[in-house]
Amino acid sequence: MMTQSTYRAAGKMIIWSIVLVVFIALFFGGGGAGGFAHDKGRIVAVAILFAAGFTSFFIMLARSGKKKDGGLNRDERDERNEGKAAEITLTIILVYVYFLGIALWAVFQGKGSVPAGWMWFLAYSTVFLGMIAHGLFTLLLASGKVGNGEG
Amino acid sequence: MAKAEIRNSVRRQRFEHGEMTQQELADRAGCTRQTIVALEQGKYVPSLALAFRIARVFGSTIEEVFEFAGNEK
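Because the structure is a prediction, the values reported are computed rather than measured. (Residues numbered from 1 in each chain as written. Chains lettered and ligands numbered in written order. Predicted model: local features only at pLDDT ≥ 70, side-chain atom pairs only at ≥ 80, totals over all residues. Heavy atoms only, no water.)

Peer 1: Before we move on, could you go through helix H2 (residues 40–63) of chain A and cite the residues and values that matter?
Peer 2: Over its 24 residues, H2(A) extends 34 Å from the first C-alpha to the last, a length consistent with the 34 Å expected when each residue adds 1.5 Å. The set of residues buried in H2(A) consists of Arg42(A), Ile43(A), Val46(A), Leu49(A), Gly53(A), Phe57(A) and Met60(A). (Helix = DSSP H or I, 4+ residues; strand = E, 2+ residues; numbered from the N terminus. Expected span 1.5 Å × (residues − 1). Buried < 20%, exposed > 50% of the residue type's maximum accessible area, 1.4 Å probe, protein only.)

Written as structure tokens, this is what we have:
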């Protein structure tokens, strides 16, 4: 049996993992970053995907509200786990943006400019990564696989 | 920062109180059953407020349920 926190974390991970896979397929399958910024079809498709992801996410949040029997399905431990997961996620995002930025600079420094498509990729993928990482680490902390024995 | 090691006798106290279920204790203490499971496995140290609420459910003092067992691992 799951608490509200773990249910939402699992839902978040599943929804945004699916969105990430479809995003990568759309982004790289349609010709990569080079022409993305000029490809209105792919831009609209990714925007729809993004909106669908958030719509599904908010529906999942709404469906996991209060327990029907009025019981408690969330407590201090859940809040602590979510807080720790947010801290870990922040670090992961900082490292991800740093390394992707450095990698783009290293690859394109001789060409004078970075294709705008990579900025789209950075923007979208940062959101997806943040969502997935937060869900994953909330689940890991709740299961006691990492960071247990808080004292 | 060194971790404080807090032991508890929640499992024993439950059995001494009519084999109270984890769910019943959780409901009465205001937490989830998963937190009681984590407490009994020594994987979670509760806040002071929750520790007091658990002790109150058993009609005990906080020291009878939770024991400070050193501050270094």
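Peer 1: Break down unusual backbone geometry for me, citing the residues and quoting the values.
Peer 2: All names here are of chain B. Of note, Glu-19 is a non-glycine position whose phi angle comes to about 50 degrees, a positive value. With respect to the helices and strands, the residue Glu-19 is situated in the loop between helix H1 (10–16) and helix H2 (22–29). A relative accessible area of 57% places Glu-19 in the exposed class.

Peer 1: Hey, could you go over the packing of aromatic side chains for me, with residue numbers and the actual values?
Peer 2: Residue and element names in this part refer to chain A. Under the definition given, this model contains 23 aromatic pairs over all chains. Their ring planes at 65 degrees and their centres at 5.5 Å tell us that Phe-28 and Phe-121 sit as a pair that is edge-to-face. You can see Phe-28 sitting in helix H1 (residues 4–29) and its partner Phe-121 sitting in helix H4 (residues 116–143), a full 93 residues away along the chain. Pairing Trp-120 with Tyr-124 gives two aromatic rings, centres 6.2 Å apart and planes at 25 degrees, and the pair type is stacked. With Trp-120 and Tyr-124 both in helix H4 and four residues apart, the pair spans about one turn of that helix. Note on Trp-120: relative accessible area 31%, which makes it partly exposed. (Phe/Tyr/Trp six-rings, centres within 6.5 Å; stacked < 30°, edge-to-face > 60°.)

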